[in-house]
Amino acid sequence: MFLPFLIPLLLTPTFAHAENLPRVEHHDPMVVDSQLSLSQLVDSTLEKHPDNQWLTSLETEVNALKKRGESLTAGASSLQLSFQEGTNLALHYSNAIVQVPLWNLGQRDANQQIGINAETAAAMQAIETKLKIAGLVRIALWDVSLQSIRNEQAQSDLLATERLLNVVKRRVHLGDLPKSDELLAESELLQKKSAANLAEAELMHARKRYTIITQSTHIPSAYQERLASVKEIEQSHPVLQTVNSKIEQKQAELHALDLVGSGQTSVAVSFNSDRAPKNSTLSNQLEMVGVGVNIPFGGEAHLAPQRAALYVELNKLNAERDQIFRDLEQTHHEAEHTLQVNQAELSISNELKTVAEKHLKMTELSFSVGEIDLIDFIKIQTQTQLAVLTAKERAVIVQRDIALYNQAVGLLP
């Protein structure tokens, strides 16, 4: 198929022409980079995108959750110190208690699973974000390509109209055409100049959007994609994988909360020291070590609000997943249908272009021998230029639709 080779040929002269002949002061230069691939462009765009900071923070959260699950204790240990002194009896009493919260049965494993799930969710979120950036890059690239085609055709139409005006001027000078035809040709030229200015302005806008998204003035020389073989939305779609990983993480949090039960069992070790009065018959120093266990009970009601909040978040994620799947199916259907329509339109527009060019050649001959008027010739010339532009646009649009179809099914460049 000739399309993959057609687009670069259409793009390259346009960039060069726009660089050399800017018609307006606002001009955004762009470099066609043969060493830059679409995949590299997406990666570099992601590195510069604001969402990259958020993804970095997810890694910090994952490390914190994994560190908690690896801890030997279920929470922070505490140390309690007390000292008492009786002045009359010269009695001195000191006490130290170390309290350590223990993991309930299976609770530590459940918290370690939270860290594992959080790591998976963060990885899936990074892939989904990259897919989102790829969509922005794809749209920006093909917008530049489409506006380049329109700008190129506008410049070509302008040159053709300039040549026509020169021919008309000579024939008016020779008395072959009336002066009104010269005015008509000049009017047509002014319209083409206006169209060329507007086309170049739209190209500059498209370039600016591209540079804002990618933070780069380099554009790949080739970024056409092969149509994905995926025919429907699959569960491996990055967006679905991301929300599924979030659901699994929330389920792990619920399981870990259930294992808390009434609270955390804790062990306390106490160290007591008594110093008796000097005239006492008891030993001057008495030291004791004690061990106690704190077993909470009846605390389920206090965890109920937290458990209910987690269930709300979990059900919200389930509903979000169902809606995402519906949205993805609709986007896929629209992308598939649009591609099929434009593929059919491309074939028709190429045939129309061929017929229009043949008609224009015949009309040029008829105009040169005075068989048709200038206004009729201009109409046919304009129709031919439109047919040529439409054929070029369809070639770009089909390639753009392929990229958008790949985007819809979750295929990264």
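Our subject in this report is the structure included herewith. All values derive from a computational prediction rather than experimental measurement.

## Observations regarding the overall build of the protein chain
Point 1. Looking only at helices and strands, one finds eight helices and six strands in the protein chain.
Point 2. Walking the protein chain from its N terminus toward its C terminus, one meets helices and strands in the order α-β-α-α-β-β-α-α-β-α-β-β-α-α.
Point 3. Looking at the protein chain as a whole, 40% of its 413 residues qualify as buried.
Point 4. A sequence separation of at least 24 residues applies to 83% of the contacts in the protein chain between residues at least 6 apart.
Point 5. Counting only carbon and sulfur atoms, one obtains 57% of the accessible surface of the protein chain, whose full area is about 23300 Å².

## Section: the nonpolar core
Point 1. Residues Val137, Leu141, Val144, Tyr210 and Ile219 are the most contacted members of the largest nonpolar core, which totals 35 residues.
Point 2. If you list the elements that add at least two residues to this core, you get helix H2 (38–48), helix H3 (51–70), helix H4 (107–173), helix H5 (179–214), helix H6 (238–258) and helix H8 (374–408).
Point 3. Grouped together as the second largest cluster of nonpolar side chains are 17 residues, Ala154, Leu189, Leu360 and Ile380 included.

## Some details on the pattern of salt bridges
Point 1. Counted under the stated rule, the structure contains 15 salt bridges.
Point 2. Across the salt bridge formed by Lys250 and Glu253, the nearest N and O atoms sit 3.5 Å from each other. Remark: Glu253 and Lys250 occur in helix H6; sequence separation between them is three residues, near one turn of the helix.
Point 3. Among the salt bridges present, the one from Lys353 reaches Glu357, with a minimum N-O distance of 3.4 Å. Of the two residues, Lys353 and Glu357 are both situated in helix H7 (residues 300–368); the distance of four residues between them amounts to about one turn of the helix.

## A short note on the side chain of Lys250
Point 1. Among the residues examined, Lys250 registers a relative accessible area of 15% and is labelled buried.
Point 2. Look past the residues within four positions of Lys250 in its chain and what remains in contact with it is Leu310, Glu313, Leu314 and Leu317.

## A closer look at the packing of H4 against H6
Point 1. For the pair H4 and H6, the least separation of the axes is 8 Å and the interaxial angle reads 165°. By the angle between their directions, the pair H4 and H6 is classed as roughly antiparallel. Two packed elements cross with a definite hand, and for H4 against H6 that hand is left-handed.
Point 2. Partitioned by chemical class, the residues of the contact of H4 with H6 number 11 nonpolar, 11 polar and four charged.

## Structural notes on the side chain of Thr363
Point 1. Relative to the assigned elements, Thr363 resides in helix H7.
Point 2. A polar contact of 2.7 Å, which involves the side chain of Thr363, links it to the backbone oxygen of His359.
Point 3. Those residues in contact with Thr363 that lie beyond four places of it in its chain are Ile372, Phe377 and Ile380.

## Digging into the packing of aromatic side chains
Point 1. Overall, the coordinates contain two aromatic pairs when judged by the stated rule.
Point 2. An angle of 70° between the planes, with centres 4.8 Å apart, marks the rings of Trp142 and Tyr223 as edge-to-face. Here Trp142, found in helix H4, pairs with Tyr223, found in the loop between strand S4 (218–220) and H6; they are 81 residues apart in sequence, far enough to count as distant. In this structure, Trp142 and Tyr223 share a single accessibility class: buried.
Point 3. A ring pair is formed by Phe367 and Phe377, whose centres lie 5.0 Å apart and whose planes are at 15°; its orientation type is stacked. Separated by 10 residues along the polypeptide, Phe367 in helix H7 and Phe377 in helix H8 bring together distant segments of the chain. Each member of the pair Phe367 and Phe377 is classed as buried.
Point 4. The ring of Phe367 is capped by Arg171, whose NZ or CZ atom sits 4.7 Å from the centre of that ring.

Cut-off values and rules
Within each chain, residue numbers correspond to sequence positions counted from 1 in written order. A pLDDT threshold of at least 70 governs which residues receive local features in this predicted model, and a stricter bar of 80 or more applies before side-chain atom pairs are shown or counted, although totals over entire chains, interfaces and linings include all residues. Hydrogens and water are ignored here; the side-chain numbers use all heavy atoms of the structure. Helix numbering and strand numbering both begin at the N terminus, where a helix is a DSSP run of H or I of at least 4 residues and a strand a DSSP run of E of at least 2. Burial status follows relative accessibility: with a 1.4 Å probe on protein chains alone, a residue under 20% of its type maximum counts as buried, one over 50% as exposed, and anything between as partly exposed. We call two residues contacting when some pair of their heavy atoms lies within 4.5 Å. Exposure was quantified through the Shrake-Rupley algorithm and a 1.4 Å probe, taking into account, for residues, occlusion by the shown protein chains and nothing else. What makes a nonpolar core is a set of buried Ala, Val, Leu, Ile, Met, Phe, Trp, Tyr and Cys residues whose side-chain atoms join them at distances within 4.5 Å. By convention in these notes, a salt bridge is any Lys or Arg side-chain nitrogen within 4 Å of a carboxyl oxygen on Asp or Glu. Lines are fitted to the C-alpha atoms to define the axes, a helix being fitted only along its stretch in contact, and any angle between axes, read from their N-to-C directions, falls within 0 to 180 degrees. Working definition: roughly parallel below 35 degrees, roughly antiparallel above 145 degrees, roughly perpendicular at 65 to 115 degrees, and oblique for all remaining angles. Each crossing is labelled by how the near helix is turned from the far one, with a counterclockwise turn of less than a right angle marking it left-handed and a clockwise turn marking it right-handed. Amino acids outside the nonpolar list (Ala, Val, Leu, Ile, Met, Phe, Trp, Tyr, Cys, Pro) and the charged list (Asp, Glu, Lys, Arg) are all regarded as polar, and Gly is one of them. Polar contact is the term for a pair of N or O atoms within 3.5 Å; when the atoms are in protein, one must be able to donate a hydrogen and the other to accept it, and sequence-neighboring residues count only if both atoms are side-chain atoms. Stacked, tilted and edge-to-face pairs are distinguished by plane angle, under 30 degrees for stacked and over 60 for edge-to-face with tilted covering the rest, among Phe, Tyr and Trp rings (Trp via its six-membered ring) whose centres lie within 6.5 Å. For a Lys NZ or an Arg CZ to count as sitting over a ring, it must be within 6 Å of the ring centre and within 35 degrees of the ring normal.

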